[in-house]
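Understanding the architecture of this molecule
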Amino acid sequence: MAPLDDDALDLIIREARSHNGWQDKPVTDDVLRQLYDIVKMGSTSMNSCPGRFVFIKSDEARARLKPCLAPLNVNKVLSAPVTVIIAYDQAFYRQMPKLFAHNPNAAAMFENNAELAATSAFRNGTLQGAYLMIAARALGLDVGPMSGFNNKICDETFFAGTSIRSNFLCSLGYGDTDKLFQRLPRLDFDEACELI
Ligand SMILES: Cc1cc2nc3c(=O)[nH]c(=O)nc-3n(C[C@H](O)[C@H](O)[C@H](O)COP(=O)(O)O)c2cc1C
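Residues numbered from 1 in each chain as written. Predicted model: local features only at pLDDT ≥ 70, side-chain atom pairs only at ≥ 80, totals over all residues. Heavy atoms only, no water.

Where an unreviewed UniProt entry is consulted, the protein appears under the name Putative NADH dehydrogenase/NAD(P)H nitroreductase AT746_01390, with the organism given as Lacimicrobium alkaliphilum. Within the UniProt record for the protein, the comment given under Sequence similarities (unreviewed entry) is "Belongs to the nitroreductase family. HadB/RutE subfamily." Per UniProt, the comment on the protein under Cofactor (unreviewed entry) is "FMN". (UniProt positions renumbered as here; feature names shortened; annotations may be inferred.)

Notes on the overall build of the protein
For the protein, the count of helices and strands is nine helices and four strands. Going residue by residue from the N terminus, the α and β elements of the protein occur as α-α-β-α-α-β-α-α-α-β-α-β-α. Taking 16 Å as the expected radius of gyration for a compact globule of 196 residues, we find that the protein reaches 18 Å, a close match to that expectation. C-alpha extents for the protein along the principal axes are approximately 55 × 50 × 35 Å. Looking at the 196 residues of the protein, the share that counts as buried comes to 41%. Pairs at least 24 residues apart make up 82% of the contacts formed inside the protein by residues separated by at least 6 positions. In the form shown here, the protein has an accessible surface area of approximately 11700 Å², with 54% of it arising from carbon and sulfur atoms. (Helix = DSSP H or I, 4+ residues; strand = E, 2+ residues; numbered from the N terminus. Rg over C-alpha atoms; globule rule 2.2 N^0.38 Å. Buried < 20%, exposed > 50% of the residue type's maximum accessible area, 1.4 Å probe, protein only. Contact = heavy atoms within 4.5 Å. Areas by Shrake-Rupley, 256 points an atom, 1.4 Å probe, with all protein chains shown as cover.)

Some points on the nonpolar core
Counting 19 residues, the largest nonpolar core has Val27, Leu35, Val84, Ile86, Leu132, Cys170 and Leu172 as the members making the most contacts within it. For this core, the secondary-structure elements that each account for two or more residues are helix H2 (29-39), strand E2 (82-89), helix H7 (114-138) and strand E4 (164-173). Beyond its immediate stretch of four places on either side in the chain, Cys170 contacts Val82, Thr83, Val84, Ile86, Leu132, Met133, Val143, Gly144 and Pro145. Membership of the second largest hydrophobic core comes to 16 residues, among which are Ala61, Phe158, Phe159 and Ile164. (Core = buried A, V, L, I, M, F, W, Y, C linked by side-chain atoms within 4.5 Å.)

Looking at the sheet that holds strand E3 (residues 142-146)
If you walk across this open sheet you meet the four strands as E1-E2-E4-E3, and the pairing is antiparallel. Unpaired on one side and paired on the other, strand E1 (51-56) and E3 mark the two borders of the sheet. Geometrically, the sheet is characterised by an average inter-axis angle of 30° between neighbouring strands, direction not taken into account. When E2 meets E4, the two strands line up antiparallel, connected through eight bridges. Each bridged residue has a counterpart across the sheet, and for Val82 the counterpart in E4 is Leu172. Across the sheet, H2 is in contact with E1, E2 and E4; its angle to E1 comes to roughly 165°. Sheet contacts for helix H8 (residues 151-158): E1, E2 and E4; angle to E4, the most-contacted strand, approximately 95°. (Pairing = 2+ DSSP bridges. Axes fitted to C-alpha atoms, helices over the stretch in contact; angles between N-to-C directions.)

Here we look at the site of the ligand
Every residue lining the ligand is accounted for by Arg17, Ser18, Asn73, Lys76, Pro145, Met146, Ser147, Gly148, Phe168, Arg183, Leu184 and Arg186. The contact in question runs from an oxygen atom of the ligand to an N or O atom on the side chain of Arg17, over 2.7 Å. In the complex, the protein chains occlude 65% of the 630 Å² of accessible area that the ligand would expose alone. Residue classes in the shell around the ligand are distributed as four nonpolar, four polar and four charged. (Near = heavy atom within 4 Å. Polar contact = N/O pair within 3.5 Å; in protein donor to acceptor, adjacent residues only side chain to side chain. Nonpolar A, V, L, I, M, F, W, Y, C, P; charged D, E, K, R; others polar.)

Concerning unusual backbone geometry
Even without glycine at this site, Met46 takes up a positive phi of about 50°. Position of Met46 relative to the elements: it lies in the loop between H2 and E1. In this structure, Cys49 takes a positive phi of about 45° despite not being glycine. Looking at the element boundaries, Cys49 is found in the loop between H2 and E1. Overall, Cys49 belongs to the buried group, its relative accessible area being 15%.

Shown next, in the form of structure tokens:
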């Protein structure tokens, strides 16, 4: 396959921004299903797929999310057409008989090692969150990722009695470029990378 051209690279990451304000333009459920169909194909270790995604669209669900948010983030999140709770299932290994069927010992490996299960769930769930951000932009959406919220309240509100835990939030929609913050610098190659 040919590498992406400059326009595609700009769209998914180089010129893409973290959005704080949103146009009054809905995101259809069909687009959210397309989005998950891309995200689910991203690689995870042992195909564990621990990411779980709660798409908050209704006023009722937004009202439940509001008490979880840091004060400065309330308007940003509540004005978005959709905010997804990017979460992970700590007991993801229960799905291993489907996801890693050729190895019947896979589930037990995690079931008997809580530290390995927790590390794997968080690592791979976070990767799936990043896949979601890139995939959303590839579909023409803008994203507003956010960790300024109370995970504990969020988990009690949305995941009580389950093995699912929130990681971060990501608003989705069509961004209002007037509300962007100034672009911040990044580390240069020599500051962040080594060739050894
Ligand atoms: C996981 C994650 C959590 C973030 N949490 C917040 C947040 O709580 N509040 C906020 O205003 N921005 C938040 N941001 C946005 C970052 O500040 C932003 O991505 C960064 O400054 C780079 O901006 P740019 O993508 O527009 O270049 C978060 C970004 C990520 C990826």
